[in-house]
Amino acid sequence: MIRFFFLLILLAAVVKPGDACSQTVDIREWLLPWEDSAPSNAFVGPRGRVWFVSAENDFIGNFTPDTENFNRYDLQRRTEPVALLVGAERTLWFLSAGRREIASMNPGTGRVEAYEVPERRAREPRAMTFDADGNIWFTVSRDNFVGRLDVASAAVSIIPIATDDAEPDGIAAGGTNELWVAASGANLLLRVDAASMSIAEFPVPSEDARPRRVAVASDNRVWYTDFERGRLG
């Protein structure tokens, strides 16, 4: 089955409270040139190029809106990339679900360097982000971990979550030495202290809430999506 790659372009109007319905949104669609693709986790890199992964077919792709060109970088079989970041000097970082690794790729040469996650139970990685120091933090949903790759030393550390089946999902950097995680298996937000490598849990008021993605605004307010109830918190 052919999957579609969607890019949403918001018009330059400022949406004010109460008049959101009066605004227009330009939605454009581009068809990937590769059959059976499953594009996900888009990341906008330098010069507006959009990068994405396809776990189903073991590749990383990019799309240039100005030229409408697609490029593809094939990975080893069973790599199953599930999340991607564009770092310094346009280095690509991605999570490998099939190999239990964090990996980097030079798109100029195609060279891949992989860093194994030490905990064998750390299956099903889900999301990743940079912290203020350029280190990479990631979530392992199925087995209840948050992890960090120290880019300078290449050391990977794992922190278990106290609540069983919390299923950490989206992750975002907050203030100094602080990460926030949405726990999609419970009504929890998690705050990770990078200095002490500890996790604090904050219950969402509704027991039925299931946070999935999280973002931190410039005023350090934490926003999250509640996929179970269709709400923004």
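Numbering of residues starts from 1 in every chain and runs along the sequence as written. Two thresholds apply to this predicted model, a pLDDT of at least 70 for residue-level local features and 80 or more for giving and counting side-chain atom pairs, whereas whole-chain, interface and lining totals are computed over all residues. For the side-chain quantities, the full set of heavy atoms in the structure was used; hydrogens and water were omitted.

Here the focus is the overall build of the chain. Put simply, DSSP marks the helices as runs of H or I at least four residues long and the strands as runs of E at least two long, and each gets a number from the N terminus on. Within the chain, the regular secondary structure consists of zero helices and 21 strands. For a compact globule the rule gives 2.2 Å times the number of residues to the power 0.38, and the radius of gyration it is set against comes from C-alpha atoms. Its C-alpha radius of gyration of 18 Å places the chain within 12% of the 17 Å reference for a compact globule of 233 residues. Summarising its shape, the C-alpha atoms of the chain cover approximately 50 × 45 × 35 Å along the three principal directions. Note on definitions: a residue-residue contact is assigned when non-hydrogen atoms from the two residues lie within 4.5 Å. Sequence separation of at least 24 residues holds for 35% of the intrachain contacts in the chain that already meet a minimum separation of 6. For accessible areas, the Shrake-Rupley method is used with a probe of radius 1.4 Å. Any residue's cover is judged against the shown protein chains and nothing else. Carbon and sulfur atoms provide 47% of the accessible area of the chain, an area that totals close to 12,900 Å².

Although it is not a glycine, Asp58 adopts a positive phi angle of roughly 55°. Along the chain, Asp58 falls in the loop between strand S4 (50-54) and strand S5 (59-64). Positive phi outside glycine occurs at Asp165, with the angle close to 55°. You can see Asp165 is positioned in the loop between strand S14 (155-160) and strand S15 (168-173).

Buried residues of nine kinds, namely Ala, Val, Leu, Ile, Met, Phe, Trp, Tyr and Cys, make up a nonpolar core once their side-chain atoms join them within 4.5 Å. Summary of the burial criterion: residues with accessible area below 20% of their type's maximum are buried, those above 50% are exposed, and those between are partly exposed, where the area comes from a 1.4 Å probe applied to protein chains only. Formed by 16 residues in total, the largest nonpolar core has its most connected members in Trp93, Leu95, Ile102, Met128, Phe138 and Leu149. Listed by contribution, the elements that provide at least two residues to this core are strand S7 (81-86), strand S8 (92-96), strand S12 (136-140) and strand S13 (145-150). In terms of nonpolar packing, the next biggest core, distinct from the first, is built from 15 residues, Ala127, Ile161, Leu190 and Val192 among them.

Once that is clear, we can look at the confidence of the model for the chain. Scored from 0 to 100, pLDDT records how confident the predictor is in each individual residue. Here the chain averages 88 in pLDDT, while 91% of its residues score no lower than 70. Note on residues 1-16: pLDDT is under 50 here. Beyond four places in sequence and across chains, it has 44 contacts.

On to the layout of surface pockets, then. The rule is simple: put a 1 Å grid over the protein atoms alone, call a set of points where a 1.4 Å probe fits but cannot get out a cavity, call an open set with protein on both sides within 12 Å along at least five of seven lines a pocket, and count a residue as lining if it has an atom within 4 Å of a point. Grid points are joined across faces, edges and corners, and a volume is the space filled by probe spheres set on the points. There is about 230 Å³ of room inside the largest pocket. Along its surface, the largest pocket is lined by 13 residues, and Asn41, Ala127, Met128, Ile171 and Arg213 are the ones closest to its centre. Elements supplying a minimum of two residues to the lining of the largest pocket: strand S3 (39-44), S7, strand S11 (125-130), S15 and strand S19 (211-216). In this classification, the charged set is Asp, Glu, Lys and Arg, the nonpolar set is Ala, Val, Leu, Ile, Met, Phe, Trp, Tyr, Cys and Pro, and all remaining amino acids, among them Gly, are polar. Partitioning the lining of the largest pocket into residue classes produces nine nonpolar, three polar and one charged.

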